[in-house]
Amino acid sequence: MKIIDKIDKMKTHARIIKKGNKLLGFVPTMGYLHEGHLSLIRAARKQSDVVTVSIFVNPIQFGQNEDYKKYPRDMQRDEELLKNYGVDILFYPEKKDMYPADFSTYVNVEKLTDGLCGKSRVGHFRGVTTVLVKLFEIIKPDIAYFGQKDAQQAFVIKKMIKDLNMDITMKILPTVREADGLAMSSRNTYLTGTLRKDAGLLNRSLILAADLVRSGEKDAKKIIKSIKDFLLASPNIKIDYIAITDTKELRDIAVVRGETLVAVSAFVGKTRLIDNVIINEKKAQENWKYDGLLSGRQAV
Ligand code: AMP
């Protein structure tokens, strides 16, 4: 595995790969890798000739009071994992090179970023899309891999790729979960004891929502209320938002119809977690499958 920390060197390398007519798969991450990241890397390994993974804890996607400084990092462990997974290139640029003092260009996807996490983390998606445009420009991938766990992020990136006519195929893979349903996240390391146990309730609340739809409930307000009551039974949980939206514009809907996103963000202790499920109401009465929920109800 080649380890590259300089932008110019990465660009030169990408150019050489392109000349060889190779298909370049790219998995952007902030490191502290877990099975969720590895599922993307496995897919990239299968579907492309050269796999590049980036590790960069992107400062501009963190709010002032967020966890940029204490975000978990373990480069040595990540390097080992990536080597074992047959990754070809690990790109880990430095903050000072990505954002020199005079940096002043940002990319912003409008509308889709207004609600959900965009509302509670103002500027977050601008940070995400800006760093991705830079990484795409440096690495020149043909295929880029993302997780459904960050559903709004996936929607926003898809829109950016389309709006900016980027020559990149985007793949979105199902959320990988712990045995109790908790969506894997580097931030789960903040959770211990009762907090870790209660974190599993987020996923359970989504299963509850999916079951309600399955039993014929279509009133979004009622479903949201059920999720809320369920989560607030734990004194450790503070809800950030519960949203039920369409899957095109991510607008709140009053009645569940067709494909619907149910997304939850909550603080478990001081740790903010997110989770979501896409429910297809039309298939609710059939033997339909949840997207990425507990084992036995895994994504298609
Ligand atoms: P992060 O390092 O948290 O920025 O995540 C890097 C990529 O991994 C993003 O596309 C995430 O959506 C994806 N990812 C994170 N957690 C999971 C998970 N539990 N399952 C699937 N993909 C994930």
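Above this text is the structure in question.
Thresholds applied
- Residues numbered from 1 in each chain as written.
- Predicted model: local features only at pLDDT ≥ 70, side-chain atom pairs only at ≥ 80, totals over all residues.
- Heavy atoms only, no water.
- Helix = DSSP H or I, 4+ residues; strand = E, 2+ residues; numbered from the N terminus.
- Rg over C-alpha atoms; globule rule 2.2 N^0.38 Å.
- Buried < 20%, exposed > 50% of the residue type's maximum accessible area, 1.4 Å probe, protein only.
- Contact = heavy atoms within 4.5 Å.
- Areas by Shrake-Rupley, 256 points an atom, 1.4 Å probe, with all protein chains shown as cover.
- Lys, Arg positive; Asp, Glu negative; His and termini not counted.
- Charge placed at Lys NZ, Arg CZ, Asp CG, Glu CD.
- Phe/Tyr/Trp six-rings, centres within 6.5 Å; stacked < 30°, edge-to-face > 60°.
- Lys NZ or Arg CZ within 6 Å of the ring centre and 35° of its normal.
- Salt bridge = Lys/Arg side-chain N within 4 Å of Asp/Glu carboxyl O.
- Axes fitted to C-alpha atoms, helices over the stretch in contact; angles between N-to-C directions.
- Parallel < 35°, antiparallel > 145°, perpendicular 65-115°, else oblique.
- Nonpolar A, V, L, I, M, F, W, Y, C, P; charged D, E, K, R; others polar.
- Near = heavy atom within 4 Å.
- Polar contact = N/O pair within 3.5 Å; in protein donor to acceptor, adjacent residues only side chain to side chain.
- Pairing = 2+ DSSP bridges.

1. Some points on the overall build of the protein chain
Each helix and strand in the protein chain was counted, giving nine helices and nine strands. By the compact-globule yardstick of 19 Å for 300 residues, the protein chain fits well, its C-alpha radius of gyration being 19 Å. Principal axes of the C-alpha set define a box for the protein chain whose edges measure 55 × 40 × 35 Å. Counting all 300 residues of the protein chain, 51% fall into the buried class. Of all intrachain contacts in the protein chain linking residues separated by at least 6 positions in sequence, the fraction that spans at least 24 positions is 72%. Accessible surface computed for the protein chain: about 15,000 Å², of which carbon and sulfur atoms make up 49%. Side chains of the protein chain give 50 positive and 37 negative charges; the mean places of these two sets differ by 0 Å.

2. Structural notes on the packing of aromatic side chains
Within the structure shown, the criterion is met by six aromatic pairs. Ring plane angle 80 degrees and centroid distance 6.2 Å describe the contact between phenylalanine 26 and phenylalanine 136, whose orientation is recorded as edge-to-face. Placement of phenylalanine 26 in strand β2 (residues 24-29) and of phenylalanine 136 in helix α6 (residues 124-139) is noted, with a sequence separation of 110 residues between them. Side by side, phenylalanine 26 and phenylalanine 136 carry an identical accessibility label, which is buried. Note on phenylalanine 62 and tyrosine 68: the rings are 5.4 Å apart at their centroids and 70 degrees apart in plane angle, and the pair reads as edge-to-face. Here the aromatic cluster, defined as three or more aromatic residues joined through ring pairs, consists of Phe56, Tyr99, Phe103 and Tyr106. One residue, lysine 238, lies across the ring of phenylalanine 267, its end atom 5.2 Å from the ring centre.

3. Description of the pattern of salt bridges
In the structure shown here, the tally under the stated rule is 19 salt bridges. Of the charged contacts in the structure, one is a salt bridge between lysine 225 and aspartate 229, with a shortest N-O distance of 2.7 Å. Placement of the pair is lysine 225 and aspartate 229 together in helix α9 (residues 220-232), with a separation of four residues, close to one helical turn.

4. Brief notes about the environment of tyrosine 85
Its location among the elements puts tyrosine 85 in the loop between α3 (75-84) and β4 (89-91). Judged by its relative accessible area of 24%, tyrosine 85 falls in the partly exposed class. Residues within four places of tyrosine 85 in sequence aside, it is in contact with Glu35, Leu38, Ile41, Arg42 and Arg45.

5. Focus: the packing of helix α1 (residues 7-19) against α6
Angle between the axes and distance between the axes: these two values describe a pair of packed helices. Taken N-terminus to C-terminus, the directions of α1 and α6 make an angle of 50 degrees; their axes are 7 Å apart at the nearest point. Considering their axes alone, α1 and α6 lie oblique with respect to each other. Within the contact between the two elements, α1 uses Ile7, Met10, Lys11 and Ala14 and α6 uses Glu137, Ile138 and Ile139. Its residues assigned to classes, the contact of α1 with α6 comprises five nonpolar, no polar and two charged.

6. A word on the site of the ligand
What surrounds the ligand is a group of 17 residues, the closest being Met30, His37, Asp150, Val176 and Met184. Contact distances for the ligand include 2.8 Å between a nitrogen atom and a backbone N or O atom of valine 176. In the environment of the ligand, a nitrogen atom lies 2.9 Å from a nitrogen or oxygen atom belonging to the backbone of methionine 184. Contact with the protein chains covers 93% of the free accessible surface of the ligand, which is 480 Å². Looking at the shell around the ligand, the elements that each hand over two or more residues are β2, α2 (35-47) and β5 (143-147). Here the shell around the ligand gets three residues from one element, more than from any other, and that element is α2. Class assignment of the residues belonging to the shell around the ligand gives a composition of eight nonpolar, seven polar and two charged.

7. As for the pairing of strand β7 (residues 237-246)
Within β7, seven of the ten residues are buried, which leaves it mostly tucked inside the rest of the structure. Across nine bridges, β7 lies against strand β8 (residues 259-268) in antiparallel orientation. Bridged to isoleucine 237 within β8 is valine 268.

8. Digging into the sheet that holds β8
Pairing within the open sheet is antiparallel, and its three strands lie in the order β7-β8-β9. Among the strands making up the open sheet, the edge pair consists of β7 and β9 (271-280). Taken over all neighbouring pairs, the strand axes of this sheet differ in orientation by 15 degrees on average, direction set aside. As judged from the ten bridges shared by β8 and β9, these two strands associate in the antiparallel manner. Bridging across to β9, phenylalanine 267 finds its partner in arginine 272.

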